[in-house]
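Chains, contacts and geometry: an overview
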Amino acid sequence: YEHLSFTYRTAQDDTGRLMAAVLQQQLREIGVTMEIQANEFATFYADVIAGNFQMYSLRWIGGNNDPDIFNLIFHSKMTPLNGANRGHYSNPRVDELIEFARREVNVEKRKQAYQEIQRIVAEELPYISLFYADNVSVYTKRIEGMKLSPAGSYDFLTEIRTQ
């Protein structure tokens, strides 16, 4: 039999390096060798966009505000530099559902299409979501208009004011 071995790309930040070390250890326990290649973010990200990776991890910030994110990530025509389908995932049914949902005005039909997309990608796993970070904000009472978004985006910063 052939031993499974691959290289995992990450940035040099603490979270990325620690997560890589945990994955490496867990995979070692089942006989899989994972080499870690950590680079400063600009090099790492440029390589991800160019497709120069076997496996990598990035974090989405503000990626769940609108279901149109599925087009950017999962449509077969949205490979870099057109979009963020960096793993070159391709499923004709997902493409069809995305195109339908993007032009459908009936909210219920649109919702059903996006639910089917989610079912398909949950089975095929072109991406694996490992965790969701909790966003915690500490601020003084002098700040008004503070509304954190469940999407994790920083759009709220345009709405805050001081007394």
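Residues numbered from 1 in each chain as written. Predicted model: local features only at pLDDT ≥ 70, side-chain atom pairs only at ≥ 80, totals over all residues. Heavy atoms only, no water.

1. Regarding the overall build of the protein chain
The following threshold applies: Per the convention used, a helix needs a DSSP run of H or I reaching at least four residues, while a strand needs a run of E reaching at least two, with both numbered from the N terminus. We compute the radius of gyration over the C-alpha atoms and compare it with the globule rule, which gives 2.2 Å times the number of residues raised to the power 0.38.
The helix and strand inventory of the protein chain stands at 5 helices and 5 strands. Shown N-terminal to C-terminal, the secondary structure of the protein chain runs as helices and strands in the order β-α-β-α-β-α-α-α-β-β. Scaling as 2.2 N^0.38, a compact globule of 163 residues should have a C-alpha radius of gyration of about 15 Å, whereas the protein chain reaches 19 Å, well beyond that. Seen through its principal axes, the protein chain has C-alpha atoms that stretch 65 × 45 × 30 Å.

2. A closer look at the sheet that holds strand β3 (residues 55-56)
Cut-off, in case you're wondering: Pairs of strands are assigned from DSSP output, requiring at least two bridges between the strands.
Strand order in the open sheet formed by 3 strands is β2-β1-β3, with parallel pairing between adjacent strands. What marks the edges here is a single partner per strand, and that holds for β2 (33-39) and β3. Sheet topology note: the strand β1 (residues 5-11)/β3 ladder contains 2 bridges and is parallel. Paired with Tyr8 across the strands is Met55, a residue of β3.

3. As for the pairing of β2
By the bridge criterion, 7 bridges tie β1 to β2 in an arrangement that is parallel. Its bridge partner being in β2, Phe6 is matched across the sheet by Met34.

4. Overview of the confidence of the model for the protein chain
So the rule is basically this: As a per-residue measure, pLDDT tells how confident the predictor is, with possible values from 0 to 100.
Summing up the model confidence of the protein chain, the mean pLDDT is 87 and the portion of residues at 70 or higher is 94%. When pLDDT is averaged over each helix and strand of the protein chain, the minimum, 86, is found for strand β4 (residues 143-144) and the maximum, 96, for helix α4 (residues 92-103).

5. Section: unusual backbone geometry
Convention followed: Each residue is placed in one exposure class: buried if its accessible area under a 1.4 Å probe, protein chains only, is under 20% of its type's maximum, exposed if it is over 50%, and partly exposed if it falls in between.
Across the junction of Pro80 and Leu81, the peptide omega takes the value 10°, indicating a cis bond. Tracing the backbone through its elements, the reader meets Leu81 in the loop between α3 (69-74) and α4. One non-glycine residue with positive phi stands out, namely His88, at about 55°. Among the secondary structure elements, His88 is positioned in the loop between α3 and α4. A positive phi angle, near 50°, is found at Leu125, a position not held by glycine. Structurally, Leu125 is set in the loop between α5 (107-124) and β4. Residue classification places Leu125 among the partly exposed residues on the basis of a relative accessible area of 46%.

6. Side note on the pairing of β1
Note the threshold: Handedness is read with the strands pointing away from the viewer; a crossover is right-handed when the path from the first strand over the helix to the second is clockwise.
Counted residue by residue, β1 has 5 buried out of 7 residues, so it is predominantly covered. Read as a crossover between parallel neighbours, the route from β1 over helix α1 (residues 14-28) to β2 is right-handed.

7. Describing the side chain of Glu104
Basically, it comes down to this: Positive charge is attributed to Lys and Arg, negative charge to Asp and Glu, and no charge count is given to His or to the chain ends. We define a salt bridge as a side-chain nitrogen of Lys or Arg found within 4 Å of a carboxyl oxygen belonging to Asp or Glu. The definition of a polar contact used here is a pair of N or O atoms within 3.5 Å, where within protein one atom must be able to donate a hydrogen and the other to accept one, and adjacent residues in sequence count solely through side-chain atom pairs. Whether two residues are in contact is decided by their heavy atoms: any pair within 4.5 Å suffices.
Mapped onto the secondary structure, Glu104 falls in the loop between α4 and α5. For the buried Glu104, which has no salt bridge, the nearest side chain bearing the opposite charge is Lys109, at an N-O separation of 5.0 Å. One polar contact links the side chain of Glu104 to the main-chain amide nitrogen of Asn106, over a distance of 2.9 Å. Not counting chain neighbours up to four residues away, the residues in contact with Glu104 comprise Lys109 and Arg110.

8. Side note on the nonpolar core
Rules: By convention a nonpolar core is built from buried Ala, Val, Leu, Ile, Met, Phe, Trp, Tyr and Cys residues, the set being connected through side-chain atoms within 4.5 Å.
The biggest cluster of nonpolar side chains holds 14 residues, and the ones touching the most others in it are Phe70, Phe74, Tyr89, Val94, Ile98 and Ile117. The element best represented in this core is α5, accounting for 5 residues. Apart from the residues within four sequence positions on either side, Ile117 is in contact with Phe70, Val94, Leu97 and Ile98. Judged by nonpolar contacts, the second largest core, of 7 residues, contains Phe6, Tyr8, Leu23 and Val32.

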